[in-house]
Amino acid sequence: MIVLYTREKRFAEAVAYARELAAKYPRNYLYRLEGADALVSQAALDRQSSQANGSNAAEAEAFATFESLLKDKSVRETAAREFDLIHFKYGEALMTAGQYDHAAKEFLASADSPGAQQGMVTMAHLYAARALDLAGKRNDALAQYRVVLARPNVYDAHDQAQSGLKEAFKKKLS
């Protein structure tokens, strides 16, 4: 239901349901992860409609959720192999908020997570390259695009990396 609410842009309902399930099942990290994702989507919507206070509060709560997931002992015990996903989703949230340097660090943490899935590692390097481009760190971005090309190709990552080598990544306007 959380994912469906988010797709339908019913973010408040998605967050409320995620909070309810997270309270009921505190060892399941997915509810908090999906709730944070809904908060980021709400913040982006608020930002588009010039509701800065709402977007700041939603982003702050989302970022605090990601930080708590990465530090929570129960998550470490039950989802240690999922830290690649948590770092990646955090990086996406930071990209949405325009915090490109921090986003690149989270994507690289995703790639370096013990037991990270190989496809996720490739995509994490690609997204780190994009974040670095957006942060104005072209040389660092180029290095990450080259890492992508040295890894297994997933979801046309090699084509995207080749494009990144030719021209700096630019944020798409929505």
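Conventions we followed
Residues numbered from 1 in each chain as written. Predicted model: local features only at pLDDT ≥ 70, side-chain atom pairs only at ≥ 80, totals over all residues. Heavy atoms only, no water. Helix = DSSP H or I, 4+ residues; strand = E, 2+ residues; numbered from the N terminus. Buried < 20%, exposed > 50% of the residue type's maximum accessible area, 1.4 Å probe, protein only. Areas by Shrake-Rupley, 256 points an atom, 1.4 Å probe, with all protein chains shown as cover. Lys, Arg positive; Asp, Glu negative; His and termini not counted. Charge placed at Lys NZ, Arg CZ, Asp CG, Glu CD. Core = buried A, V, L, I, M, F, W, Y, C linked by side-chain atoms within 4.5 Å. Contact = heavy atoms within 4.5 Å. Expected span 1.5 Å × (residues − 1). Phe/Tyr/Trp six-rings, centres within 6.5 Å; stacked < 30°, edge-to-face > 60°. Lys NZ or Arg CZ within 6 Å of the ring centre and 35° of its normal.

When helices and strands are tallied, the protein chain shows 10 helices and zero strands. Seen along its three principal axes, the alpha-carbon backbone of the protein chain occupies a region of about 45 × 40 × 25 Å. Burial status across the protein chain gives 43% buried among its 174 residues. Carbon and sulfur atoms form 52% of the exposed surface of the protein chain, whose accessible area is close to 9,400 Å². Charge-centre separation for the protein chain: the mean point of 23 positive side chains lies 2 Å from the mean point of 22 negative side chains.

Another aspect to go through is the nonpolar core. Judged by nonpolar contacts, the single largest core of 47 residues is most densely connected at Phe66, Ile86 and Phe107. Counting residues per element, this core draws most heavily on helix H8 (residues 118–134), at nine residues. Every residue in contact with Phe107, bar those within four places of it in the chain, is listed here: Phe88, Gly91, Glu92, Met95, Ala124, Tyr127, Ala128 and Ala131.

On to the environment of Ala36, then. Mapped onto the elements, Ala36 comes out in helix H3 (residues 29–48). On the basis of relative accessibility, which here comes to 1%, the residue Ala36 falls in the buried class. Along the sequence, Ala36 and Asn56 sit 20 residues apart, while their C-alpha atoms lie 13 Å from each other. What Ala36 contacts, discounting residues up to four positions off in sequence, is Ala62, Thr65 and Phe66.

A word on helix H6 (residues 83–96). Between its terminal C-alpha atoms H6 stretches 20 Å, which fits the 20 Å expected from 14 residues at 1.5 Å a residue. Counted residue by residue, H6 has 11 buried out of 14 residues, so it is predominantly covered. Every buried residue belonging to H6 is among Phe83, Asp84, Ile86, His87, Phe88, Lys89, Tyr90, Gly91, Ala93, Leu94 and Met95, and all of these are buried. One or two steps after H6, the chain reaches Gly98, where phi turns positive at roughly 80°.

Here we come to the packing of aromatic side chains. Applying the stated criterion to the full structure yields six aromatic pairs. An angle of 40° between the planes, with centres 6.1 Å apart, marks the rings of Tyr25 and Tyr31 as tilted. Under the relative-accessibility criterion, Tyr31 is labelled partly exposed at 22%. Positioned above the aromatic ring of Tyr127 is the side chain of Arg130, whose terminal nitrogen or guanidinium carbon lies 5.2 Å from the ring centre.

We note that Lys9 has phi near 60°; this positive angle belongs to a residue other than glycine. Following the sequence through the fold, Lys9 ends up in the loop between helix H1 (2–7) and helix H2 (11–24). Residue class for Lys9 comes out exposed when judged on its relative accessible area of 57%. Even without being glycine, Asp156 reaches a positive phi, approximately 55°. Its place among the elements puts Asp156 in the loop between helix H9 (138–149) and helix H10 (157–166). The partly exposed category is assigned to Asp156, whose relative accessible area is 40%.

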